[in-house]
Amino acid sequence: MAEHDAVRLALAKPSNPHDSAALHVSGLARYADDLPEPAAMLHLAFGQSQEAHARITAMDLSAVRAAPGVVAVYTAADIPGANDVSPVAGDDRLLADGDVLYVGQPIFLVAATSQRAARQAARLGRVDYERLPAHLTIADARAAASLIEPTQRMARGDAAAALADAPHRLTGGFDMGGQDHFYLEGQVAIATPGEDGQMHVLSSTQHPSEVQHLVAHMLHRASADVTVEVRRMGGAFGGKETQAALFAAAAALVAHKTGRPAKFRCDRDDDMVMTGKRHDFRVDYEAGFDAEGRVLALKLRLASRCGATVDLSPAINDRAMFHVDNCYHLPAVEIVSERLKTHTVSATAFRGFGGPQGMLAIERIMDDVAALLGIDPLDVRIANLYGPGRDVTPYDMQVVDNIAPRLIVRLRADAHYDARREAIATFNASNPVLKKGIALTPVKFGISFTTTHLNQAGALVHVYADGSIQINHGGTEMGQGLYVKVAQVVADVFAVPVGQVRITATRTDKVPNTSATAASSGADLNGMAAYNAAMTIRERLTDFTARSFGCDPEEVRFAHGEVQIGTERLGFGDLCRKAHMGRVSLSSTGYYATPDIAYDRAAHKGRPFYYFAYGAAVAEVAVDTLTGEHRVLAVDILHDVGNSLNPVIDIGQIEGGFLQGQGWLTTEELVWDDKGRLLTHSPATYKIPTASDRPRHLSIQLWNGENVQPTINRSKAVGEPPFMLAISVFSALAQAIAATAPERRALPPLDAPATPERILRAIAGHRAA
């Protein structure tokens with residue numbers, strides 16, 4: 001089978017191209033920085049803290065104000081309302097107002113006639129500090145008992161007693177690093193003042209409503225005075241869920257103060273220094289198990305570096321706890337989660353939202369159990385899968401749609417896992433320098449915001465008298481294909497081509513009080529809201545047609561771009577014209593709230609997810625034991641998206657998610673120095689995956705099934721779950737390293753990301769132990 005044949009087979013269902021695909025490849029897609037700039041526009045830059053933790057004792061900005069091109073300079077004292085750009089806790093400042101909490105924290109704001117002038121001037125500020133103790137690492141924060149919130153505990157059964165009774169026991173631990181979002185389009189916002197104190201903000205944000213509310217509070221205005229708009233983002237991955245508010249608020253402050261449009265286009269180095277990352281974790285565990293590898297008891301401690309402020313860390317660390325089980329039943333388990341406050345930029349949302357960290361922990365434990373027993377890690381994974389009588393999670397949610405066992409069986413056969421494992425063993429026995437490894441790992445990812453009230457969405461649908469349709473909803477487009485998916489939903493309601501549906505920029509003055517486009521819920525929430533709006537209009541058209549033709553509403557059918565009434569045929573546009581003349585409203589809002597979810601956070605019990613999305617991947621790797629370099633040779637993926645809304649879009653999301661996960665676990669290393677300064681703050685020092693890192697053989701198949709829950713068209717979310725398929729690469733690397741000393745029944749001491757240096761250390765540690 002040719003390299004891409006499997007992908008072609010997965011596309012049996014009709015797909016529509018991304019709505020902006022032609023604009024992307026032709027360079028005509030407009031992003032915020034592409035819009036024409038008026039002559040009066042000001043450009044912005046922050047003066048940033050050079051200390052990780054200190055008290056500002058004096059500040060001299062005279063040289064900044066005198067610099068060429070500078071129009072205005074602002075400090076916290078110039079903010080008319082709340083000095084707050086945080087999502088929940090109120091602890092993220094637009095501009096520092098006393099203490100600084102991390103290197104790069106904004107202290108003052110420069111407005112100039114060009115971006116270059118603003119950045120150059122910002123470097124001229126003189127700030128005097130009184131240094132304070134700084135906790136930079138997980139170990140530092142642990143020693144100081146520095147927490148953003150109390151340590152959380154989720155448990156079932158008596159893990160300590162079960163450990164004592166288990167036939168086999170092991171202890172272990174490892175570290176996993178964070179990750180920079182590295183969106184192609186950096187943080188950017190344009191604020192334009194209107195009349196009577198109104199403000200329009202064009203922002204590259206996943207959460208327009210949050211930006212609206214924060215800007216309004218900062219300006220001491222009502223939310224109705226601020227309109228936030230976003231047509232598209234050049235990537236986000238969670239990095240523009242809360243982080244975009246800082247730049248939007250800065251632009252709005254300058255526009256408000258000067259009466260001139262203001263633009264903040266953040267430089268890439270500044271962007272990487274100032275914005276939050278994925279949380280890095282320390283994992284420690286004790287596991288008890290039987291001779292077949294069934295885990296009987298588990299005590300697990302997760303410690304994350306949350307950074308200087310709360311941001312979204314409580315929910316992110318909660319989700320890490322939720323996903324410690326992955327696809328496995330843990331009969332007696334205790335999960336302890338430490339949320340550590342450090343003097344580094346606050347960690348934030350990132351694709352998977354803590355789920356990858358929790359899932360990597362349990363997959364590492366499965367590999368550890370298999371190594372001690374000397375058996376295939378896949379057999380250990382299968383022995384621990386959820387099943388009848390073993391289908392309740394540690395947080396008391398029943399797993400009602402457990403397709404993981406069937407999915408693994410099919411992928412194991414399709415990818416020829418067993419034959420390849422035998423061939424790899426033969427290869428390793430005769431090759432002293434190159435070692436190969438193979439692993440099959442599953443994914444079970446919960447879909448819904450774990451903060452219950454966020455699971456709601458609105459939409460606005462207009463049908464015009466010529467039959468053309470316009471749709472607006474609260475979801476944002478960051479390249480993931482949400483707009484075209486929702487457009488397909490609306491087109492299907494009226495049985496018209498998707499090209500007849502015009503998708504408009506997300507705006508807070510059209511659909512209010514929306515949730516972020518996050519938690520893989522964009523299509524679930526906004527697709528259903530748009531469906532409800534469209535169905536309201538279709539029902540009006542149906543009733544009008546029935547009255548006009550003297551028939552029952554059941555006799556009216558929408559199909560193939562027309563309306564059928566018995567043997568009569570009427571073009572959809574003709575019907576819309578008649579309905580308009582008949583004074584029928586062709587506009588409607590729609591609303592949707594996810595049902596049947598509730599969670600008691602104090603007890604860590606409930607049903608936080610509406611359903612689970614599943615997947616599995618087989619990864620084969622090769623390691624050069626002399627250099628520590630590796631290559632991912634082949635990957636086979638079988639992934640569950642329910643009844644896909646758009647297979648070609650979903651295939652793209654699976655491939656992109658997998659490669660981004662591979663980057664997190666292999667090449668993307670964040671390094672801070674002992675002063676809290678980020679050293680990996682540009683493409684020169686931070687290595688994201690490239691086209692050459694994509695395995696030559698990459699087969700992606702879609703699981704043939706429907707969602708058991710009544711989601712839109714019985715589809716399933718696809719944004720985040722594929723990210724964790726890349727755990728198969730990390731497990732395969734561990735197998736390859738283990739082959740350097742095959743007589744040892746132990747898991748190599750490998751931390752993530754598995755850079756060449758870490759792989760060499762793991763090889764040395766494995767051989768020496």
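The preceding data block contains the structure.
Rules of the game
- Residues numbered from 1 in each chain as written.
- Predicted model: local features only at pLDDT ≥ 70, side-chain atom pairs only at ≥ 80, totals over all residues.
- Heavy atoms only, no water.
- Core = buried A, V, L, I, M, F, W, Y, C linked by side-chain atoms within 4.5 Å.
- Buried < 20%, exposed > 50% of the residue type's maximum accessible area, 1.4 Å probe, protein only.
- Helix = DSSP H or I, 4+ residues; strand = E, 2+ residues; numbered from the N terminus.
- Contact = heavy atoms within 4.5 Å.
- Pairing = 2+ DSSP bridges.
- Axes fitted to C-alpha atoms, helices over the stretch in contact; angles between N-to-C directions.
- Parallel < 35°, antiparallel > 145°, perpendicular 65-115°, else oblique.
- Left-handed = near helix turned anticlockwise from the far one by under 90°.
- Nonpolar A, V, L, I, M, F, W, Y, C, P; charged D, E, K, R; others polar.
- Expected span 1.5 Å × (residues − 1).
- 1 Å grid on protein atoms, 1.4 Å probe; cavity = no way out; pocket = protein on both sides within 12 Å on 5 of 7 lines; lining within 4 Å.
- Points joined across faces, edges and corners; volume = space filled by probe spheres on them.
- Patch = residues over 30% accessible without salt bridge, like charges linked within 9 Å, V, L, I, M, F, W, Y side chains within 5 Å.
- Areas by Shrake-Rupley, 256 points an atom, 1.4 Å probe, with all protein chains shown as cover.
- Salt bridge = Lys/Arg side-chain N within 4 Å of Asp/Glu carboxyl O.

Q: Honestly, the nonpolar core in this entry has me stumped. Any pointers?
A: As a rule of thumb, soluble globular proteins bury nonpolar side chains together. Core analysis: the biggest nonpolar cluster contains 150 residues, and Leu 298, Leu 300 and Phe 494 have the highest contact counts within it. At twelve residues, the largest contribution of residues to this core is made by helix α16 (residues 522-549). For Phe 494, the contacting residues outside a window of four places in its chain are Val 463, Ile 469, Ala 534, Ile 537, Arg 538, Leu 541, Phe 558 and Phe 572. With 39 residues, the next largest nonpolar core counts Ala 72, Leu 95, Ala 191 and Ala 250 among its residues.

Q: What exactly am I supposed to notice about the sheet that holds strand β10 (residues 199-203) here?
A: The strands making up a sheet associate through hydrogen bonds between their backbones, and the pairing can be parallel or antiparallel. Strand order in the open sheet formed by eight strands is β3-β5-β1-β12-β9-β10-β11-β20, and the pairing between neighbours is mixed. One side of each edge strand has no neighbouring strand; the edge strands of this open sheet are β3 (70-74) and β20 (506-507). When strand β1 (residues 42-48) meets strand β12 (residues 262-265), the two strands line up parallel, connected through two bridges. Counterpart to Leu 42 in the pairing with β12 is Ala 262.

Q: Help me understand the pairing of strand β17 (residues 456-463), please; the structure alone is not making it clear to me.
A: On a regular strand, each side chain points to the face opposite its neighbour's, so the side chains alternate between the two faces of the sheet. With six of its eight residues buried, β17 lies for the most part within the structure. Bridge analysis of β17 against strand β18 (residues 469-473) gives five bridges, and the strand direction is antiparallel. Each residue of the ladder has a partner; that of His 462, found in β18, is Gln 470. Counting the residues that bridge the hairpin from β17 to β18 gives five residues, and of these Gly 467 lies at a positive phi of roughly 90 degrees.

Q: Explanation requested: the packing of helix α11 (residues 355-373) against helix α19 (residues 727-738) in the structure shown.
A: Any two packed helices are characterised by the angle at which their axes cross and by the distance between the axes. Closest axis-to-axis distance for the α11/α19 pair is 10 Å, and the angle between their directions is 30 degrees. With respect to α19, the element α11 is oriented roughly parallel. Where α11 crosses over α19, the handedness of that crossing is right-handed. Of the residues in α19, those touching α11 at Pro 356, Met 359, Leu 360, Glu 363, Arg 364 and Asp 367 are Ile 727, Phe 730, Ser 731, Ala 734 and Gln 735. For the contact of α11 with α19, the residue count by class is six nonpolar, two polar and three charged.

Q: Sorry, what's going on with the packing of α19 against helix α20 (residues 756-768) here?
A: Two elements in contact, α19 and α20, have axes separated by 9 Å at closest approach and are oriented at 45 degrees. Accordingly, the angle class assigned to the pair α19 and α20 is oblique. You can see that α19 and α20 cross each other, and the crossing is right-handed. The segment α19 lies against α20, with Leu 733, Ile 737 and Ala 738 engaging Ile 759, Ala 762, Ile 763 and His 766. Here the contact of α19 with α20 is built from residues that sort into six nonpolar, one polar and no charged.

Q: Explain α16 here, please?
A: Because an α-helix packs 3.6 residues into every turn, residues spaced three or four apart end up facing the same way. For α16, spanning 28 residues, the distance from its first C-alpha to its last is 39 Å, which sits close to the expected 40 Å at 1.5 Å a residue. Immediately beyond the C-terminal end of α16, within one or two residues, lies Gly 550, with a positive phi of roughly 65 degrees.

Q: What is the right way to read empty space enclosed by the protein from this model?
A: Vacant regions in the atomic arrangement are exposed by a probe of water-molecule size rolled over the atoms. A full pass over the atoms with the stated rule returns four cavities of 30 Å³ or more. Quantified by volume, the largest cavity comes out at close to 80 Å³. If you go around the largest cavity, you meet 13 residues; those closest to its centre are Ser 448, Asp 524, Leu 525, Thr 594 and Tyr 610. Element by element, the count of residues in the lining of the largest cavity is highest for α16, at three residues. Across the lining of the largest cavity, the residue classes tally to seven nonpolar, five polar and one charged. Approximately 70 Å³ is the volume attributed to the second largest cavity. Taken together, 13 residues form the lining of the second largest cavity, with Gln 456, Ala 457, Ser 515, Ala 516 and Asn 526 sitting closest to its centre.

Q: How should I be thinking about a nonpolar patch on the surface in this particular structure?
A: Where nonpolar side chains cluster on the molecular surface, the patch consists of Val 433, Leu 434 and Leu 626 and spans about 260 Å² of accessible area. Relative to the elements of secondary structure, Val 433 occurs in the loop between α14 (417-430) and β16 (434-447). By relative accessible area, Val 433 is classed as partly exposed at 31%.

Q: How should the pattern of salt bridges be read in this particular structure?
A: Note on pairing: side chains with opposite charge can pair once their charged atoms come close. Summed over the entire model, instances satisfying the criterion amount to 47 salt bridges. When the shortest N-O distance is used, the salt bridge between Arg 153 and Glu 334 registers 2.7 Å. Of this pair, Arg 153 sits in strand β7 (residues 152-156) while Glu 334 sits in strand β15 (residues 333-341), and the two are 181 residues apart along the sequence. The exposure class assigned to Glu 334 is buried, which follows from its relative accessible area of 18%. A salt bridge links Lys 444 to Asp 325; the shortest N-O distance between them is 3.2 Å. Linking Lys 444 in strand β16 with Asp 325 in the loop between α10 (313-322) and β15, this pair joins segments that are 119 residues apart in sequence. For Lys 444, a relative accessible area of 1% puts it in the buried group. A single network of salt bridges, built from pairs that share partners, joins Asp 33, Glu 37, Lys 263 and Arg 265.

Distances and angles like these do not, on their own, reveal function.
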